[in-house]
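# Survey of secondary and tertiary structure
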Amino acid sequence: MIQAPSMQPTGWFQVAWSADVPAGAVKPLRYFGNDMVIFRGMDGHVSVLDAHCQHLGANLARGGFVVEDGIQCPFHGWVWSGEGRNVRIPYEPRPNRARRVRPWRVTELNGCIFIWHDTQGREPLWQLPDWKHLLNADVVTQDYRPLGDDERELFSQVKVHPQIIAENAVDPHHFRFVHATPISPVVLSETIDEHVWHAKVGFGRRWANGVDRAGDNRNTIEIYWSGIGYAINGECTADGVRVIAINATPVGDGTCDIFASYWISGSDNYAERLKQAKAALPDDINIWEYQKYMDKPALTPSEADGFYKLRRWARGFYPPEPVAVSG
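Structure report, in brief.

Now for the sheet that holds strand β16 (residues 230-237). Taken in spatial order, the 7 strands of this open sheet run β12-β18-β17-β16-β15-β14-β13, and their pairing is antiparallel. A single partner strand is all that each edge strand has here, and the edge strands are β12 (152-158) and β13 (186-192). Strand-to-strand twist in this sheet, taken as the mean axis angle between neighbours without regard to direction, amounts to 15°. Bridge count for strand β15 (residues 220-226) against β16 is 7 bridges, and the pairing is antiparallel. Looking at β16, one finds that Ile221 is bridged to Glu235. This element, helix α6 (residues 301-314), spans β13, β14 (196-202) and β15 of the sheet and lies at about 155° to β14.

Moving on, we come to the side chain of Ser184. Considering the arrangement of structural elements, one finds Ser184 in the loop between α3 (174-178) and β13. Among the polar contacts made by the side chain of Ser184, one reaches the side chain of His173 at a distance of 2.8 Å. Not counting residues up to four positions away in its chain, the partners in contact with Ser184 are Pro172, His173 and Arg176.

The next thing to look at is helix α4 (residues 270-277). Of all the residues in α4, the buried ones are Tyr270, Arg273, Leu274 and Ala277. For α4, the buried positions fall inside an angular range of 100° around the axis, keeping them on one side. Counted as exposed and oriented over 90 degrees from the buried face of α4: Ala271 and Lys275. The secondary structure elements touched by the buried residues of α4 are β17 (240-252), β18 (255-264) and α5 (280-288).

All right, on to the pattern of salt bridges then. Counted according to the given criterion, the structure contains 16 salt bridges. A salt bridge links Glu235 to Arg242, with the nearest nitrogen and oxygen atoms 2.7 Å apart. We note that Glu235, like Arg242, is buried. Taken together, the shared-partner salt bridges connect Arg206, Arg213, Asp216 and Arg218 into one network.

Turning our eyes to something else, we now look at the sheet that holds strand β3 (residues 34-40). Reading across the sheet, the 4 strands line up as β2-β3-β4-β9 and stay open at both edges, with antiparallel pairing between neighbours. In this open sheet, the two edge strands, each paired with only one partner strand, are β2 (26-31) and β9 (103-104). Taken together, the 6 bridges between β2 and β3 define a ladder with antiparallel strand orientation. Bridged to Pro28 within β3 is Val37.

Here we come to α6. Residue pairs three or four apart in sequence face the same way in an α-helix, which turns once every 3.6 residues. The terminal C-alpha atoms of α6, which comprises 14 residues, lie 21 Å apart, in line with the 20 Å expected from a rise of 1.5 Å per residue. The complete set of buried residues in α6 reads Glu303, Ala304, Gly306, Phe307, Leu310, Arg311, Trp313 and Ala314. Contacts made by the buried residues of α6 are with α2 (162-166), β13, β14 and β15.

Of all 7 residues making up β15, 7 are buried, and the element is well covered by its neighbours. Where burial is concerned, the two faces of β15 agree: the one with Thr220, Glu222, Tyr224 and Ser226 and the one with Ile221, Ile223 and Trp225 are both buried. Summarising the sheet, β14 and β15 pair through 7 bridges and their orientation is antiparallel. Looking at the pairing, His198 lines up with Tyr224 of β15. Between β15 and the antiparallel strand that follows it, β16, lie 3 residues; Gly227 among them carries a positive phi value of about 70°.

This brings us to the environment of Thr141. Within the secondary structure, Thr141 is located in the loop between α1 (137-140) and β12. Judged by its relative accessible area of 57%, Thr141 is exposed. For the pair Thr141 and Pro282, spaced 141 residues apart in the sequence, the C-alpha separation amounts to 29 Å. Here the side chain of Thr141 touches Ala137 through a polar contact of 2.6 Å, landing on its backbone oxygen.

We now examine the packing of aromatic side chains. Here the distance between the centres and the angle between the planes together describe a pair of aromatic rings. With the rule as written, the count across this model stands at 12 aromatic pairs. Members of the aromatic cluster, joined through ring pairs, are Trp12, Trp116, Trp126, Trp197, Trp313 and Phe317. In this structure, Arg213 is placed above the aromatic ring of Trp207, and the distance from its NZ or CZ to the ring centre is 4.0 Å.

We now examine the environment of Gln163. The residue Gln163 is located in helix α2 in this model. We classify Gln163 as buried; its relative accessible area is 2%. Discounting residues that sit within four places of it in the chain, Gln163 has contacts with Pro5, Ile228, Tyr293, Leu310, Arg311, Ala314 and Tyr318. Here the side chain of Gln163 touches Tyr318 through a polar contact of 2.6 Å, side chain to side chain.

Rules behind the numbers
- Residues numbered from 1 in each chain as written.
- Predicted model: local features only at pLDDT ≥ 70, side-chain atom pairs only at ≥ 80, totals over all residues.
- Heavy atoms only, no water.
- Pairing = 2+ DSSP bridges.
- Helix = DSSP H or I, 4+ residues; strand = E, 2+ residues; numbered from the N terminus.
- Axes fitted to C-alpha atoms, helices over the stretch in contact; angles between N-to-C directions.
- Contact = heavy atoms within 4.5 Å.
- Polar contact = N/O pair within 3.5 Å; in protein donor to acceptor, adjacent residues only side chain to side chain.
- Buried < 20%, exposed > 50% of the residue type's maximum accessible area, 1.4 Å probe, protein only.
- Arc of directions from axis to C-beta.
- Salt bridge = Lys/Arg side-chain N within 4 Å of Asp/Glu carboxyl O.
- Expected span 1.5 Å × (residues − 1).
- Phe/Tyr/Trp six-rings, centres within 6.5 Å; stacked < 30°, edge-to-face > 60°.
- Lys NZ or Arg CZ within 6 Å of the ring centre and 35° of its normal.

Function cannot be inferred from these measures alone, as they are strictly geometric.
Written out as structure tokens, the structure reads:
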């Protein structure tokens, strides 16, 4: 039996864009098989809690509303802070300090909202990096518009595992057949540690010898994975520079929401360049939706090393296997 990776990986995962949660907003979420509520308090801070009030189980995302000290349940008015503590019961002199709604660790970065997920309940093992201080100088020195409606795309309930998306980073040959590049790109450099996969990939005959040239980023993509939920691509193309985030978050068994964000440099021919940037992902999704995970794929020599390295790296984000106890 083929065993696909767990849909409960550890890491940071996107659950919304900042624009989705304006001041005072309350919205339902469902990720990792959990119903949640996201809201932005009067202080501007975004919080994510498990959805259900610990009084009688009402869903805080369905009729709850933001008040000065947190989110108020629509059923009996109990108020829960962004940390999940009961801070007020309107008809009692003191709150219930013994009960708590589970809070999720939240990071808001570059117009995107992420939660930390870990089945072992550990505090975040690493912090999300800001691509504006991370990618190469040709990318980070450009001017970009804030994320608007046109620069954000949500693909809901895609039948894909986040690891499958990460494997695109080590799959050069799919570019020829899915994205119609003339030749397969080559990996010019790679840096891998416990939480990060960082690679520079060259496109076209300019990079055919596979030799990286420091400071030369023409016709390259810089790929940065922080865990398997957060991916940033800095792309230096003939038409200009762009940054693309493709972040997949498990919803339940076998499906993910994919949050795609696009930053396009400058203003010349902006609409057409944005359209080009958005063209590749739907082609990938059309493959992923019908793809079967192969735990022992028939890899060729030119691709095997990259796949095996990435899969070994990805295993570090999955919860430990349960230990069998003999009777």
